[in-house]
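Descriptive analysis of the structure
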Amino acid sequence: HGGNMTGLMWALHRGHNSVVELLLSQPSLDVNSSDSGGLTALHYASRNVTGIRLLLAHPPRLTSVNARGYAGWTPLMSAVWWGSVEVVRELVRVEGVDLETRDDRGTSLEEAARARRCPEVWGVVQARQEERRREEEARRQEGAMEAGAALQGAAGVQGLQAGGGREEESVA
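These figures come from a predicted structure and were not determined experimentally.

The rules behind each value
Residues numbered from 1 in each chain as written. Predicted model: local features only at pLDDT ≥ 70, side-chain atom pairs only at ≥ 80, totals over all residues. Heavy atoms only, no water. Helix = DSSP H or I, 4+ residues; strand = E, 2+ residues; numbered from the N terminus. Areas by Shrake-Rupley, 256 points an atom, 1.4 Å probe, with all protein chains shown as cover. Buried < 20%, exposed > 50% of the residue type's maximum accessible area, 1.4 Å probe, protein only. Axes fitted to C-alpha atoms, helices over the stretch in contact; angles between N-to-C directions. Parallel < 35°, antiparallel > 145°, perpendicular 65-115°, else oblique. Left-handed = near helix turned anticlockwise from the far one by under 90°. Contact = heavy atoms within 4.5 Å. Nonpolar A, V, L, I, M, F, W, Y, C, P; charged D, E, K, R; others polar. Core = buried A, V, L, I, M, F, W, Y, C linked by side-chain atoms within 4.5 Å. Phe/Tyr/Trp six-rings, centres within 6.5 Å; stacked < 30°, edge-to-face > 60°. Lys NZ or Arg CZ within 6 Å of the ring centre and 35° of its normal. Salt bridge = Lys/Arg side-chain N within 4 Å of Asp/Glu carboxyl O.

A few points about the overall build of the protein chain
- Of regular secondary structure, the protein chain possesses eight helices and zero strands.
- Tracing the protein chain from N to C terminus, the helices and strands come up as α-α-α-α-α-α-α-α.
- If you sum the accessible surface of the protein chain, you get close to 10500 Å²; carbon and sulfur atoms cover 51% of it.

A look at helix H5 (residues 75-82)
- For H5, the buried fraction is high: six of the eight residues fall into the buried class.
- When we look at burial in H5, the residues that qualify are Pro-75, Leu-76, Met-77, Ser-78, Ala-79 and Val-80.
- Directly after H5, the chain includes Gly-83, whose backbone phi takes a positive value near 70°.

Thoughts on the packing of helix H4 (residues 49-56) against helix H6 (residues 85-92)
- Orientation of H4 relative to H6, taken along the N-to-C sense of each, is 15°, at an axis distance of 9 Å. Of the possible angle classes, the one that applies to H4 and H6 is roughly parallel. At the point where H4 passes H6, the crossing takes the right-handed sense. Along its contact with H4, which presents Val-49, Ile-52, Arg-53 and Leu-56, the element H6 presents Glu-86, Val-87, Glu-90 and Leu-91.
- Broken down by class, the residue content of the contact of H4 with H6 amounts to five nonpolar, no polar and three charged.

Some points on the nonpolar core
- Leu-8, Leu-12, Leu-42, Leu-55, Leu-76, Val-80 and Val-88 are the most contacted members of the largest nonpolar core, which has 39 residues in total.
- Those elements that place two or more of their residues in this core are helix H1 (7-14), helix H2 (17-24), helix H3 (41-44), H4, H5, H6, helix H7 (109-115) and helix H8 (119-162).
- When neighbours within four sequence positions are excluded, Leu-12 is seen to be in contact with Val-20, Ala-41, Tyr-44, Ala-45, Asn-48, Gly-51 and Leu-55.

Thoughts on the packing of aromatic side chains
- Under the defined criterion, the tally for this structure stands at one aromatic pair.
- Ring centres 5.5 Å apart and planes at 50° place the aromatic pair Trp-73 and Trp-81 in the tilted group.
- A relative accessible area of 19% means that Trp-73 is categorised as buried.
- We classify Trp-81 as partly exposed; its relative accessible area is 25%.
- Stacked on the ring of Trp-82, the Lys or Arg Arg-47 has its end atom at 3.8 Å from the ring centre.
- Against the face of Trp-81 rests Arg-116, its NZ or CZ located 4.5 Å from the ring centre.

Here we look at the pattern of salt bridges
- Counted according to the given criterion, the structure contains 13 salt bridges.
- The shortest N-O distance in the salt bridge between Arg-128 and Glu-135 comes to 3.5 Å.
- With a relative accessible area of 14%, Arg-128 lands in the buried category.
- With a closest N to O distance of 2.7 Å, Glu-130 and Arg-133 form a salt bridge. Highlighted residues: Glu-130 and Arg-133, both in helix H8, separated by three residues, approximately one helical turn.
- Classification of Glu-130 by relative accessible area gives partly exposed; the value is 37%.
- You can call Arg-133 partly exposed: its relative accessible area is 43%.
- In the salt-bridge network here, residues are joined through shared partners; they are Glu-136, Glu-137, Arg-139 and Arg-140.

Now the structure itself:
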């Protein structure tokens, strides 16, 4: 861990969640600050599922979900490395968390999970990646259908205008 650890980081790291709650109740608390190694409160909570849940309950203030700390690790990479299945479950649900992240050496989440012999952790990440792909595909299909409907509507209007407002019979 780097120097300049905040009280919030210390409480999260040590699992003192009542202190975490007290600190988070302070509106002026900067939940995104980092220590001298670039680690944020989320990094320090990578083995504390209750702490992660407490932090994630403050979404407007929390903007460091993909912050890179020591060796380019994000909070998710830290949780994967430590084999914290429940923390990983919480983090992969966060809007915008990078599921394709790699550390400074190019190590992926999958490679980190395999190196630590944590197939369950990788399974959680992989399931969320697949879910995001399905969501993206559904959005693409929905957009294509809307675009198609708009084109059909425009073509129908043009056809009516060209025919003087009458439908024309087609000659075969």
